[in-house]
Amino acid sequence: MANAVMYALDHGIKWEMAKTMYLNHASWKWWQVVTSTFCHASWSHLSGNLFLLYIFGRLVEEEEGAFGVVMAYLICGAAASLASLVMLPRTSAQGFLGMGNAPVFSVGASGAVFGLFAVAVMVKMMKGFSFRKLLEAGILGQFVVEKLLGEVHMQANGGSLVAGASVNHIAHISGALAGVFLIFLLTRLPSDKDPSSTPSTAAP
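Let us look at the structure shown here.

Criteria and cut-off values
Residues numbered from 1 in each chain as written. Predicted model: local features only at pLDDT ≥ 70, side-chain atom pairs only at ≥ 80, totals over all residues. Heavy atoms only, no water. Helix = DSSP H or I, 4+ residues; strand = E, 2+ residues; numbered from the N terminus. Buried < 20%, exposed > 50% of the residue type's maximum accessible area, 1.4 Å probe, protein only. Areas by Shrake-Rupley, 256 points an atom, 1.4 Å probe, with all protein chains shown as cover. Core = buried A, V, L, I, M, F, W, Y, C linked by side-chain atoms within 4.5 Å. Contact = heavy atoms within 4.5 Å. Phe/Tyr/Trp six-rings, centres within 6.5 Å; stacked < 30°, edge-to-face > 60°. Patch = residues over 30% accessible without salt bridge, like charges linked within 9 Å, V, L, I, M, F, W, Y side chains within 5 Å. Salt bridge = Lys/Arg side-chain N within 4 Å of Asp/Glu carboxyl O. Expected span 1.5 Å × (residues − 1). Axes fitted to C-alpha atoms, helices over the stretch in contact; angles between N-to-C directions. Arc of directions from axis to C-beta.

Here we look at the overall build of the protein
Part 1 of the argument: Scanning the protein for helices and strands turns up 6 helices and 6 strands.
Part 2 of the argument: The N-to-C order of helical and strand elements in the protein reads α-β-α-α-β-β-β-α-α-β-β-α.
Part 3 of the argument: Across the 204 residues that make up the protein, the buried fraction comes to 38%.
Part 4 of the argument: Element-wise, carbon and sulfur atoms account for 69% of the exposed surface of the protein, whose accessible area totals about 12300 Å².

Structure (structure tokens):
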């Protein structure tokens, strides 16, 4: 919903403040690390991400609830933005009339989407091994691995373009890795059901 609202504000009513939500690599603000994950460059960019968010968001919600979906989205999206800041150039050689440098901007929920890909697979694998969950994990796992390998291959070959804009493969890869790391950390936290996490008391 937030993605659609931001798109309407940016591309519909042309709200000037919307552009300040983009992740500006040349002069970034801390809030852009998160707000840029709700902005999109075009309708096709938005609709593709919304479709995948619905699919993988529902899968995560089945296991972790709506709060888990929101937190995974924000954490993986922010991690993808930070990785983009570190690994992508601050400016491009496409300034006015081809002279000078123009700042590089990053927008889109793709990093968060790839994070939800990874989270969906891992939570399905960890929540028991019923036939249904095993089948879901196998199908999702194959899909995610193929997507990640494709992203790595495209990034290694100079990236790709969609509707004239560069695709941020760095955000996709780092978002997925953030999802894996997030689940890894959560599994290391003490559980209320874990007897070792509660102090033992001796009877008098």
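That covers the picture; the talk isn't over yet.
A closer look at the nonpolar core
Part 1 of the argument: Leu53, Phe56, Val60, Leu116 and Val119 are the most contacted members of the largest nonpolar core, which totals 19 residues.
Part 2 of the argument: For this core, the elements supplying multiple residues, two or more each, are α3 (43–87), α4 (110–126) and α6 (169–188).
Part 3 of the argument: Looking at this core element by element, the count peaks at 8 residues for α4.
Part 4 of the argument: If we skip the residues at most four places from it in the chain, Leu53 touches Asn3, Arg58, Tyr73, Ala109, Val113 and Leu116.

A closer look at the packing of aromatic side chains
Part 1 of the argument: A full pass over the atoms with the stated rule returns 6 aromatic pairs.
Part 2 of the argument: On the basis of an interplanar angle of 55 degrees and a centroid distance of 4.8 Å, the ring pair of Phe114 and Phe117 is categorised as tilted. You can see Phe114 and its partner Phe117 sitting in helix α4, 3 residues apart, about one turn around the helix. Each member of the pair Phe114 and Phe117 is classed as buried.
Part 3 of the argument: Ring pairs connect the aromatic residues Phe56, Phe114 and Phe117, which therefore count as one cluster.

With respect to a nonpolar patch on the surface
Part 1 of the argument: There is a patch of nonpolar side chains on the surface, built from Val34, Phe67, Val70, Met71, Leu74 and Ile75 and spanning about 490 Å² of accessible area.
Part 2 of the argument: Checked against the element boundaries, Leu74 lands in helix α3.
Part 3 of the argument: Of the residues examined, Leu74 reaches a relative accessible area of 31% and is grouped as partly exposed.

Digging into α4
Part 1 of the argument: Over its 17 residues, α4 runs 24 Å from end to end, which matches the ideal 24 Å to within 8%, given 1.5 Å per residue.
Part 2 of the argument: Along α4, 14 of the 17 residues are buried, which leaves the element largely enclosed by surrounding structure.

With respect to unusual backbone geometry
Negative phi values dominate among residues other than glycine, just as trans dominates among peptide bonds.
Part 1 of the argument: Positive phi outside glycine occurs at Lys14, with the angle close to 60 degrees.
Part 2 of the argument: In this structure, Lys14 sits in the loop between α1 (2–12) and β1 (23–24).
Part 3 of the argument: Here Lys14 falls in the exposed class, since its relative accessible area comes to 57%.

Some details on the packing of α1 against α3
Axis angle and axis distance: for two packed helices, these are the angle between their axes and the distance between the axes, and together they describe the pair.
Part 1 of the argument: At a minimum axis separation of 10 Å, α1 and α3 run at an interaxial angle of 145 degrees. Across the interface between the two elements, Asn3, Ala4 and Tyr7 from α1 touch Trp43, Leu46, Leu50, Leu53 and Tyr73 from α3.

A word on the environment of Leu177
Part 1 of the argument: Checked against the element boundaries, Leu177 lands in helix α6.
Part 2 of the argument: A sequence separation of 62 residues divides Leu177 from Gly115, and the C-alpha atoms of the two residues are 7.0 Å apart.

Examining the pattern of salt bridges
Part 1 of the argument: On inspection of all chains with the given rule, the structure shows 1 salt bridge.
Part 2 of the argument: The shortest N-O distance in the salt bridge between Asp10 and Lys19 comes to 2.5 Å.
Part 3 of the argument: With a relative accessible area of 43%, Lys19 lands in the partly exposed category.

Quick look at α1
Part 1 of the argument: Taken together, the buried positions of α1 are occupied by Asn3, Met6, Tyr7 and Asp10. Axial view of α1: buried residues confined to an arc of 105 degrees, hence all on one face.
Part 2 of the argument: On the buried face of α1, the contacting elements are α3.
Part 3 of the argument: Following α1 by one or two positions, Lys14 has its phi on the positive side, about 60 degrees.

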